[in-house]
Structures are given as C-alpha cells and as structure tokens.
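Structural description and commentary
Here is what each chain is made of, one letter per residue.
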Amino acid sequence: MHTLIRDCRPVRWLAFVLFAALVSGCASSNTTLSPDPGDPFESTNRQIHAFNKGLDTFALRPASQVYGTLIPEPVRNGISNFADNLGLPATIINNTLQGDFGSAASNTGRFLVNTTFGLAGVFDPSTALGVPEESTDFGETLHVWGAGEGVFLELPFLGASTTRDAAGRAVDILIDPLGYVLEVPEVNYSRGSRFASGLNSRFRFTVTIDGILYESADSYAQSRIIYLQNRRFELGTSSPSVSLDEEGDLYDDFFLE
C-alpha cells in the first residue's frame, strides 16, 4: 500500500501544476472586489451551514469542552505548536509561489529552529527569539496571481469559504511536502495533532464562536459577513473590521491533512 501511495505522488504534483496553470491563466484582470459579491448559492449554503452547525452542537463543541477541561493548558498548547509546525513547509511553498522570499526565509528558519530546539515543534523558541510565523495559504497565492474572490461558499466540515479559497484549500493538500514523506504511524500523529489543535481552538474561543452560532439572529449571515470581512482584511483588500481567524478556519484543523 505504501508503495502504491508513493507511486501516486508524481500524479498529485502533476495535478497541482495543471491546476495552478489553469487558474493563473483564467484569472480575471479585474480583481476589484465589490462590497458584496452576492450569494447565488445561498439556499445550498444554508443547508450546509445547518449541517456544520449540527456537527458543532453535537460533536465538536462537547468534545472541545472535554478536551479543554481534562488536558492541561501547557499540554494543549504544545500539541497545537506541534501541529502548527507541521504546517510550515506548505506555508513556505506558498510564500515562495507569491514571490515573498523574505517570509519564506523567515518561516524556513522558524521551522528549523522549532523542529530541532523546540522538540519537533512542541515548544516555540522562534517566537521568543522574535521570529513569528508569516501565515499564508494557496488561496492567498491565487489572490497574488490575480484570481478574483468568486462567490461565497459554505463547505461541509470546512465551513465558510469562497470559490477561490475552496480551490486553494484543495491545492494546499496537494503541495504539503509532509503528505509525501510521512508514513504510518507518523501521518496519524500529524492528523491527530491537527484534530487536537482544532479542539483547542474551539475551546479557547468558546464564547466568541457560541455567540456567532447560537446567539445571533441569523448565524449563517453572521458567519458569512465575518469570514468575508476578515479574509479581505487579511489580503489587504479592505479596511479592518470584524476579525476572527478561528471562526473562518474552525473546521480546517479537524479534516485537512
């Protein structure tokens, strides 16, 4: 089975190259965003939002409360640091594809320091040394290449997104180098740490996320507004407004490799 997986890896890279070329070639020359790109899939989006909200109600929120209550905070933070460190190689690739070589070098140094002196990333000496993570993703890479935002989507399990960011999430899986080098059981450690990191984020932001999902008059509309405002601010296409990183990426930590 491992041999078969390794044999398929060149195919995954070829798929990425073809996809990236297609998106780059089809990117709109007019990337100015209107205040509201519309919500042509609202009916379907609301159904998916209801599913995601039910998933949170009956699984993610209760599990996060148990996790946050039973696991000491230093242990939870160490696991989240480990998961974040595993994501850095893909981030470095996106930095490079965006032509942001300074951030790529900074993140490379951060990865090397935390992997070695931070015990595989469990500890974060880089931040103490003044080297914060320069976060990015392939959705931002597409933005840099000129691709427009597209329309809003609510994705099963993954939550709020846009057509551009949904494509970016798929490519982020393809370009993650660790997905090609890790074998069982190491790959299971990676997935487990990201799941635990997601639980930790859900626990830390309980009040904020509960306010959006369970206390607002229309949780779908509220989630959509917050995601779009926050994402546009991240990409530098709007002024600061409501910013909530964790809500927009809540489900990523659970289900993306």
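Residues numbered from 1 in each chain as written. Predicted model: local features only at pLDDT ≥ 70, side-chain atom pairs only at ≥ 80, totals over all residues. Heavy atoms only, no water.

**Topic: the nonpolar core**
Note the cut-off: Among buried residues, the Ala, Val, Leu, Ile, Met, Phe, Trp, Tyr and Cys ones that are joined through side-chain atoms within 4.5 Å form a nonpolar core. Working definition: with a 1.4 Å probe on protein chains only, accessible area under 20% of the residue-type maximum means buried, over 50% means exposed, and in between means partly exposed. In this description a helix means any DSSP run of H or I spanning at least four residues, a strand means any run of E spanning at least two, and both kinds are numbered starting from the N terminus.
Core analysis: the largest hydrophobic core is formed by six residues, namely F138, L142, A147, A167, V171 and I175. Going through the elements one at a time, α6 (138-145) and α7 (163-175) are the ones with two or more residues in this core. Core analysis: the next-biggest nonpolar cluster, separate from the first, contains five residues, F152, A160, Y220 and Y227 among them.

**A word on the pairing of strand β1 (residues 152-155)**
We apply this condition: Only when DSSP finds a minimum of two bridges between them are two strands counted as paired.
Of the two faces of β1, both are covered, the one formed by F152 and E154 as well as the one formed by L153 and L155. Here four bridges tie β1 to strand β2 (residues 159-162), and the two strands are oriented antiparallel to one another. Along β2, the bridge assignment pairs F152 with T162. Remark: three residues form the turn of the hairpin made by β1 and β2, two consecutive strands paired antiparallel; F157 in that turn has positive phi of roughly 70 degrees.

**Concerning the pattern of salt bridges**
Inclusion rule: We define a salt bridge as a side-chain nitrogen of Lys or Arg found within 4 Å of a carboxyl oxygen belonging to Asp or Glu.
All told, the structure shown has 12 salt bridges when counted by the stated rule. The partner of R224 in a salt bridge is D39, with the nearest N and O atoms 3.5 Å apart. Of this pair, R224 sits in helix α11 (residues 219-234) while D39 sits in the loop between α1 (2-26) and α2 (42-70), and the two are 185 residues apart along the sequence. The exposure class assigned to R224 is buried, which follows from its relative accessible area of 12%. Relative accessible area serves as the criterion here: at 16%, D39 is assigned to the buried category. Ionic pairing is found between R194 and D176, a salt bridge with its closest N-O pair at 3.6 Å. Of this pair, R194 sits in helix α9 (residues 186-204) while D176 sits in the loop between α7 and α8 (178-181); the two residues are 18 residues apart in sequence, bridging distant segments of the chain. In this structure, a network of salt bridges that share partners links the residues D56, R61, R202 and D210.

**As for the confidence of the model for the protein chain**
What counts here: Confidence of the predictor in every single residue is expressed as pLDDT, which spans 0 to 100. Whether two residues touch is decided by their heavy atoms; if any such pair falls within 4.5 Å, the residues are in contact.
In the predicted model, the protein chain carries a mean pLDDT of 85, and 78% of its residues have values of at least 70. Within the model, the stretch residues 1-7 combines pLDDT values under 50 with three contacts to residues more than four positions away or in other chains. The low-confidence segment residues 24-35, where pLDDT is below 50, has 11 contacts with residues more than four positions distant or belonging to other chains.

**Examining the packing of aromatic side chains**
Note the threshold: Ring pairs shown here join Phe, Tyr and Trp side chains whose ring centres sit within 6.5 Å, with only the six-membered ring taken for Trp; geometry is labelled stacked below 30 degrees between planes, edge-to-face above 60, and tilted in between. For a Lys NZ or an Arg CZ to count as sitting over a ring, it must be within 6 Å of the ring centre and within 35 degrees of the ring normal.
By the definition in use, this model includes four aromatic pairs. Ring centres of F51 and F157 lie 5.3 Å apart, and the angle between their planes is 85 degrees; this geometry places the pair in the edge-to-face category. Here F51 is found in helix α2, whereas its partner F157 is found in the loop between β1 and β2, with 106 residues between them in sequence. When its relative accessible area of 42% is taken as the criterion, F51 is described as partly exposed. Plain terms: the ring middles of F138 and W145 are 5.6 Å apart, the flat faces sit at 85 degrees to each other, and that makes the pair edge-to-face. Taking the relative accessible area as the measure of exposure, F138 reaches 0% and is therefore buried. Cluster of aromatic residues (ring-pair linked, three or more members): F152, Y220 and Y227. The ring of F152 has R224 lying over it, and the distance from NZ or CZ to the ring centre is 5.8 Å.

**Describing α6**
Test applied: Residues adjacent in sequence count toward polar contacts only when both atoms are side-chain atoms; beyond that, a polar contact is any pair of N or O atoms within 3.5 Å, and within protein one must be able to donate a hydrogen and the other to accept it.
F138, G139, E140, T141 and L142 are the residues of α6 that are buried. By the N-cap criterion, in which a side-chain oxygen at the helix start approaches the backbone nitrogen of a residue two or three places on, α6 is capped by D137, the distance to G139 being 3.0 Å. Looking at the residues trailing α6, positive phi occurs at G146, about 110 degrees.

**What to know about the environment of V113**
One can find V113 in helix α4 (residues 101-116). In contact with V113, other than residues within four places in its own chain, are G118, P125, S126 and L129.

**A short note on the packing of α2 against α9**
Note the threshold: Note on definitions: angles span 0 to 180 degrees between N-to-C directions of axes, and those axes are lines fitted to C-alpha atoms, for helices only across the stretch in contact. These descriptions rest on fixed angle ranges, namely under 35 degrees for roughly parallel, over 145 for roughly antiparallel, 65 to 115 for roughly perpendicular, and the rest for oblique.
Direction vectors running N to C along α2 and α9 enclose 90 degrees, while the axes themselves pass 8 Å from each other. Of the possible angle classes, the one that applies to α2 and α9 is roughly perpendicular. Every residue of α9 that contacts α2 at D56, L60, R61, A63, S64, Q65, Y67, G68 and T69 is listed here: A196, L199, N200, R202 and F203.

**Some remarks on α2**
The test is simple: Multiplying 1.5 Å by the helix residue count minus one yields the expected span of that helix. One axis fitted to the seven residues ending at a residue, another fitted to the seven starting there: the angle between these axes is the bend at that residue.
End to end, α2 covers 39 Å across 29 residues, agreeing with the expected 42 Å (1.5 Å per residue, within 8%). For α2, the principal kink sits at D56 and spans about 50 degrees. Listed in full, the buried residues belonging to α2 are N45, I48, H49, N52, L55, D56, L60, S64, Y67 and G68.

**Considering the environment of E149**
As for its placement among the helices and strands, E149 is situated in the loop between α6 and β1. Through-space distance from the C-alpha of E149 to that of D165 is 7.7 Å; in sequence the pair is 16 residues apart.

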